[in-house]
Every structure is written in C-alpha cells, then in structure tokens.
Amino acid sequence: MPESPTSSGSAAPTPSSGPSGAPDPAGFTDFSDVDGFLRIPRLASLAAGPDGRAVAAIQEADEPGAKLVSSLWELDTAGERPARRLTFSQKGESSPVFAPDGSLLFSSARPDPQNEGDEDTSAIWRLPRTGEAQVVASAPGGLSLLAVADDGMLLGATEVLPGGTLEDDAERRKARKDAEQTTIWHTGMPIRQWDHEIGDRSRRLVLVTPEGDLTDLTPDVGTVTLYSASADLSPDGATVATSWTQRVRGGETRSSIALIDTATLRRSALLVADDDAQYGSPLFSRDGQRLAVIRSTTSTPTDTSYSRLEIHPIGGGDPVTARLGDLSIGDVEWADDGTLLVAGDLHSSGAILTVDPDTGAVRTVADGAVFSALAPAPDGSVLALRSDVATPARPVRIAMDGAARELPAPGTVTDLPGTLEWVGADVDGVVVGGWLCLPRGATAEEPAPVMLWVHGGPHGSYNAWSWRWCPWLAVERGYAVLMPDPAMSTGYGDAGLNRGWPRRPDVVFHECERLFDTVLARPELDGSRTAMLGASFGGFMANWIAGHTDRFDAIVTHAGLWALEQQHRTTDAAASKMRVHRHEDEDPDWYRTSSPHRAVGAITTPMLVTHGNRDYRVPISEALRLWWDLVSTWDGPPETMPHRFLQLTSENHWVLTPSNALAWNQTVLAFCDQHVLGAEPVPEVLPW
C-alpha cells in the first residue's frame, strides 16, 4: 500500500492474511455448495459499550431461504473466547447500540409479550446486563433508533401518514388498510427511492425518553423533507442535527443541515445548500462542540460529485476540511479523545484514518483491507468489520498503533478454491489495477476460462468480499475472474472519480479491456473461452459491450441500463441523470455513442438478462425493452435463440432473498458453462 493517503502512486496493494488473533477454527470450505455458501453467517454491524463490551449483529438465512434474519452476539474483545448469542427471536434483532448505563438497545419487530395487540412493526428494545429484553418505545409506523444522549434520551425515526400526527396515526392507518386504499398524491419530485414509494408517508424525527414517551420533533414536515435524512443527537440531548431536504426548480432537491432545539422544537439553519453543493451525514463530537458533515458538490456534465469531510464548530467559526487524499469516504465516527475516525476505499483496498479536528491532518490507523461499522471503544481502540476480496467481514479490534486482533465470531471461510492476486496495466499513462482470482490447477497445459466482471456505481471498487457477486463460486467451477477498478472507481481521488465522466462506456471498456488483455497473456489463462458480467452500471457496461464486440462467449447483465433516453426519465434519480446528461437533443453525440440500445443490431453474443421488478433505480422497463429488442431481432427459429431472461418479481436493485440468490447464482453459472465451456444447455424450465 502507498504510505500516505495523499499518494496517487500505483503501488500494488497486498491482500492481508488477516490480523493476529484466535478466530473460530470452524469455517466454510465447499464453494461447490451454493446453498451452503448463502447460509454462511454474515457480520452486519458492531457496537462498543462503555464497560468494554462488544456486540455484533449477525445475519443468517432462515430454513426455507425466504429471508435473512439478524441476531445479536456478544464478542470477546480479548479475542480468546467464542462469541455468545444473546437474542433468538424469529423476527430478528438489528442495529445494536449501547446505552450509557451499559444496557443494549436494538431494533426488532419481535412480538411484545406485554402488549400482544401491537402491529408487526419495528420497535426499540432494551436488553439489560441481566434479565429479559423489554420494549422501550414503539409507534404505529415503526420506530428506529438513530442516536443516544448521555442522559439516556434517544433520537428515533418513524413514519406517519401525510397530514396526520403521531396521536391519530394508528386510527388513520387502520382506516386506510380496511378500505384497501393505495393512492398516493404527488406534488413534485422525487416520488420513489430504490424500492419504495415517496409520498404515501411522512418521515418524522422523534425524541424518546427513558420511559418511552415520544415527542415529534418535526410535526410540520411534508413527505420529502426527511425521506432520506441522516440525523444525530448532541451528547447533552439538547440539539438534533439533521439533513433537511427541500425541492428546488427543475424537479431537483437540495439538502441542508438544520439544528432543532429538543426543548422548544425551534429549528435553525446551520449549513444551507446552494446550486453548487449540499450537506449530509451530521455527527456531533463527544463533547458536543463540533459537527462533522459531508459536503458534496453538485454533479455537472463535466464534473462528477466530489465529497469533502468538514468539521464545523457549533458556536461559529471557520470549518476544517479533512485532508483525506485519495481516500473515498465510507464510515465516520468520533473517538473519545476528540479525533475523528474515517474509513473508506483507497487504492484497490481501504484504510482507516484519524483526523485532527483542529487542522484536518490525518494519520493512517489501519490499511490493507476495507473497514466498516467503526465502533470506538473506551480504551482508545476501535472495533471494526474488516474485509478483502478473499475474506468476508470479520470483527477486529484495532489499537491506535495499528495492531489488530480478530475477534472470534461465526461466519469464517477457511479454504478458498483458488488464489488472489493484484494485477495492473498501464493504460494511456494511468495504472489501472484490479484483482485476479485464479483457480487451483490452472496451468499452461490446462488453462482456465476467464470472466471479466465490471463493478456498479460507477463510483465503486472491487476491493472487498461480496455475498451478491462472489468470484469464488465461479473459481470453484474452474473460471479465473478479473475484477478491474477502471475509470470512475472510488479510492483514487478526484481524478480517478472524474476520469471517464460523464459515464463514458468507451473509456471504461478501453481500460478494462487493456487490463483483461494483459492478464490473458499469461499461459495459465485461456483467452478463447471468456465471459463478461456486470450489474447496475456494470450491467449498463454489459449491454453496451454486447453491441460493440463479439470477443466474449457469454454476457450476463443484471439491472442494466438499456435505453438511456428512457432510463434517465424513469429512474428514481432522474434529477441528477438529466442534469448531467441533459436532453438527448442537447447532447446527441453522447446518447448516440453511449446508449446500448442503439447497437442492438450488432449483438451476436448470447446474453442472460436478470432484473428485479421492484428496482426503481434501474426500472424493470429497461430489461423489458432489452428483452423485446433481443427477441424481436432474432432472425432464426425461436427455439434457437440463445438469449435468456431471469425475472425476479419480488426483488429490487439487488437479489436479497436467499432462495432467489440461490437460483440467480445457479442460473448465471449454468448459462456461462453452456456458452463458455460447452456444457449442456440450461433447461427451458429451471430445475432450481
């Protein structure tokens, strides 16, 4: 890894074998068992307590594979004893946070034994050091926990039907449900986000007393102001800082930062968005004197959005900007000593930096992996989830000198079916890197077929373990998998984010193809047997590549954009898409060269199309139109058409249901086996 986070060098990151410690010796080894892989426990979040305790939320698939269920486990911070499960309900428990008294707060929709008539909605629960968990507070629209003050006051979020109050919400919900009324009254944009509607409910911030009493802090908001708000409660419980979204001209919104006095409900503006930038993710320092926020510039046809971590004095004064260099911001947390911890992507991997709030200077605490779920501990160490391409998220305890120790927890993977290697290629003076997963046994005499995977975003990075796109399932079947970080990837500074903007598929494919050709020069790889796969922006790339080359034997596209004039107006992110790419008459050259549907007549490669009906980021209409174009332009007999469409009617932008993920993985692998390896055709009726 480069020594400095401000470095823009091309040194190859080294995948770490993991920190020292005493991990659970039992682990998953059989990657031919896709169902078993999807049932590996998954670390989701961490919490550090005032008395040195640590708790993790761990997800597992239920027996039929219908959903992932989360439970809470206590971790041994010394790294010596196995984790101990704390909760066992069928509904599951998530989002653990320690209260100042050492009790554990969490969210759950589990039944309340004290009130059997409650709706099946999420509530805030408290688990004492000894005894049973009890409901702290609930609301008809569900209640989630956002922050805890030093005196035990809580900041929560709930949803209320538009025009109503917390007091009448239950009655109004019942009336609407009994009448089977599903109308939504829209007065502007946005109207959707990812997989749910906006406009049929109003998100509210509420103050929760230790006794469970609720105060609506935002009774006057509409349906847009807080729909995606991030908020925090000052340590003394006197002030809430929240993002505050307002509609502006042209169907756009801008997010500012507002302060709310919890005693008077008086609201004031701290940071006001303008045409050039907006603000989000407010976070109070432990002494309540500073507020960390993320300032994001507005994307344009020539520049993407750039994010800056700023530290603002609450009492007034000049802000300090953290000097993060090439690191792309992920998690942010204040430490007890007043410094700010930041985790994010960096140079095909990741790092944790500590920021001096007075100067913005940074120091590297840990690198060589991707870190998330930062949880500063009272002794000055930090708990985090650590992952790389070869390792699922594992809980680690990191001292400020960088020494790390893995904490035993379920979900280990102990034997991969291949090896991991960082590779790079010079492309027009820029080193484009990525990770190459090689199957065991690949030799010059028996070279491996090769898959090229292009990540989504486009601001993203192939630098960590993925349960959705796990290359080791393909490696187990004999494939090598190349996962590049081309133009617009995160972790390479502003220049990396903006290279190839505005979303130019020709630039991205040029960089991916150069790296692909570089690794194909290796004798243990077979360039005559290849496949290309991608999702979201990667799916857009798959669709575009299909019409611009016939070098691949199979292409898999998930949630891919197809007809950009259509997608840019129907996505939930229509405002930013139209701002950047404008009307097709304003930039006809970009649409002509970049919209995949323009090249449908040139597609000869067999394509597998997969898409979720509840995807509002890339609406199902993209897949429907792509499928029609593929089927209707096939000149041969219908039974000889090689293309296939796997429709996931209950899924959104991702495939989250374990049973659907099982079918998706098996279908993708079987389709590639058929067209790359010459295996038997995928049956007309899938056997899974």
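Only a predicted model underlies this, so the values are computations on that prediction, with no experimental measurement involved.

Colleague: Teacher, can you tell me more about the state of the cysteines here?
Modeller: Cysteine pairs can be covalently joined through their sulfur atoms, and such a bond is termed a disulfide. If you walk through the whole model with that rule in mind, you get zero disulfides. Its sulfur unpaired, Cys512 is 15 Å from the next cysteine sulfur, which belongs to Cys437. A residue is classified by how much of its surface remains accessible, and Cys512, at 1% relative accessible area, is buried. Cysteine Cys672 is unpaired, with the sulfur of Cys470 as its nearest cysteine sulfur at 15 Å. Cys672 gets classed as buried once you look at its relative accessible area, which sits at 0%.

Colleague: Even after reading the chapter, I still don't get the sheet that holds strand β22 (residues 307-313), so can you show me in this structure?
Modeller: The strands that make up a sheet are held in pairs by hydrogen bonds between backbone atoms, and each pair lies either parallel or antiparallel. Pairing is antiparallel across the open sheet formed by four strands, whose spatial order is β20-β21-β22-β23. Of all the strands in the sheet, the pair left with one neighbour each is β20 (277-284) and β23 (320-321). For β20 and strand β21 (residues 290-297), the ladder comprises six bridges, and the chain directions are antiparallel. Its bridge partner lying in β21, Tyr279 is registered against Arg295.

Colleague: I tried to follow the environment of Val454 on my own but got confused; where do I start?
Modeller: Note on placement: Val454 falls in strand β34 (residues 448-454). Of the residues examined, Val454 reaches a relative accessible area of 3% and is grouped as buried. Spatially, the C-alpha atoms of Val454 and Val507 are 13 Å apart, while their sequence positions differ by 53 residues. If near-sequence neighbours (up to four positions away) are discounted, Val454 is found in contact with Tyr462, Val508, Cys512, Met532, Leu533, Gly534, Ala535, Gly538 and Met541.

Colleague: Is there a simple way to think about empty space enclosed by the protein in this case?
Modeller: Gaps left between atoms are located by rolling a probe of water-molecule size over the structure's atoms. For the structure shown, the criterion picks out two cavities of 30 Å³ or more. Estimated volume of the largest cavity: approximately 90 Å³. Around the largest cavity, the lining residues are Met451, Trp453, Arg468, Trp469, Cys470, Leu473, Ala474, Leu533, Trp664, Asn665, Val668 and Leu669. Taken together, the elements giving at least two residues each to the lining of the largest cavity come down to β34, α3 (471-476) and α11 (658-677). By residue number, the principal contributor to the lining of the largest cavity is α11, which donates four residues. Tallied by class, the residues present in the lining of the largest cavity amount to ten nonpolar, one polar and one charged.

Colleague: Could you clarify how one ought to interpret the layout of surface pockets in this entry?
Modeller: What the second largest pocket holds in volume is close to 1500 Å³. Along the walls of the second largest pocket sit 46 residues, with Val97, Leu146, Leu283, Arg286 and Glu333 positioned nearest its centre. Mapped onto the lining of the second largest pocket, the elements with two or more residues apiece are β2 (42-48), β6 (93-98), β10 (144-148), β16 (231-233), β20, β21, β24 (328-334) and β28 (370-376). Ranked by residues supplied to the lining of the second largest pocket, first place goes to β24 with five residues.

Colleague: I keep staring at the sheet that holds strand β19 (residues 267-271) and nothing clicks. Help me out?
Modeller: Taken in spatial order, the four strands make up an open sheet running β16-β17-β18-β19, and their pairing is antiparallel. Lying at the two open borders of the sheet, with one neighbouring strand each, are β16 and β19. Mean inter-strand twist for the sheet, computed between neighbouring axes without regard to direction, equals 35°. As defined by bridge partners, strand β17 (residues 239-247) adjoins strand β18 (residues 253-261) across nine bridges and the pair is classed as antiparallel. Bridging from a neighbouring strand, Thr242 pairs with Ala258 of β18.

Colleague: Can you walk me through the packing of helix α5 (residues 505-520) against helix α6 (residues 537-546) in this structure?
Modeller: A packed helix pair is summarised by two numbers, namely the angle formed by the two axes and the spacing between the axes. Packing of α5 against α6 brings their axes to within 10 Å, and their N-to-C directions diverge by 85°. Between α5 and α6, the interaxial angle falls into the category roughly perpendicular. Across from Pro505, Asp506, Val508 and Phe509 in α5, the residues of α6 making contact are Phe537, Phe540, Met541, Trp544 and Ile545. When the residues that make up the contact of α5 with α6 are grouped by side-chain class, the tally is eight nonpolar, no polar and one charged.

Colleague: How should I be thinking about the pairing of strand β37 (residues 554-558) in this particular structure?
Modeller: Two faces make up the sheet, and in a regular strand the side chains alternate between them. Of all five residues making up β37, five are buried, and the element is well covered by its neighbours. Here β37 shows a buried face lined by Ala554, Val556 and His558 and a second buried face lined by Ile555 and Thr557. As paired elements, strand β36 (residues 525-535) and β37 share five bridges and run parallel to each other. Note on β37: the bridge partner recorded for Leu533 is Val556. Taken together, β36, α6 and β37 form a β-α-β motif whose crossover is right-handed. Two elements, β37 and strand β38 (residues 607-612), share four bridges in a ladder whose sense is parallel. Counted as the bridge partner of His558 is Thr610 from β38.

Colleague: Could you clarify how one ought to interpret the pairing of β21 in this entry?
Modeller: Where β20 folds back on β21, the antiparallel hairpin that results is connected by five residues, among which Gly288 adopts a positive phi of roughly 75°. The pairing of β21 with β22 spans seven bridges and is classified as antiparallel. When the bridges of β22 are listed, Ser296 appears paired with Ser307.

Colleague: Would you mind showing me how to read the packing of aromatic side chains here?
Modeller: Given two aromatic rings, their pairing is described by the distance between the two centres and the angle made by the two planes. What the rule picks out here adds up to 16 aromatic pairs. An angle of 65° between the planes, with centres 6.3 Å apart, marks the rings of Phe509 and Trp544 as edge-to-face. In this pair, Phe509 is assigned in helix α5 and Trp544 in helix α6, connecting sequence segments 35 residues apart. Here the two residues Phe509 and Trp544 agree in accessibility, since each one is buried. Ring pairing ties together the aromatic residues Phe28, Phe31, Phe37, Trp465 and Trp467, which thus form one cluster. Positioned above the aromatic ring of Trp125, the side-chain terminus of Arg110 is 4.9 Å from the ring centre. Of note, Arg551 hangs over the ring of Phe552, and the distance from its end group to the ring centre comes to 5.7 Å.

Thresholds, definitions, all that
Residues numbered from 1 in each chain as written. Predicted model: local features only at pLDDT ≥ 70, side-chain atom pairs only at ≥ 80, totals over all residues. Heavy atoms only, no water. Disulfide = S-S within 2.5 Å. Buried < 20%, exposed > 50% of the residue type's maximum accessible area, 1.4 Å probe, protein only. Pairing = 2+ DSSP bridges. Helix = DSSP H or I, 4+ residues; strand = E, 2+ residues; numbered from the N terminus. Contact = heavy atoms within 4.5 Å. 1 Å grid on protein atoms, 1.4 Å probe; cavity = no way out; pocket = protein on both sides within 12 Å on 5 of 7 lines; lining within 4 Å. Points joined across faces, edges and corners; volume = space filled by probe spheres on them. Nonpolar A, V, L, I, M, F, W, Y, C, P; charged D, E, K, R; others polar. Axes fitted to C-alpha atoms, helices over the stretch in contact; angles between N-to-C directions. Parallel < 35°, antiparallel > 145°, perpendicular 65-115°, else oblique. Right-handed = clockwise from strand over helix to strand, strands pointing away. Phe/Tyr/Trp six-rings, centres within 6.5 Å; stacked < 30°, edge-to-face > 60°. Lys NZ or Arg CZ within 6 Å of the ring centre and 35° of its normal.

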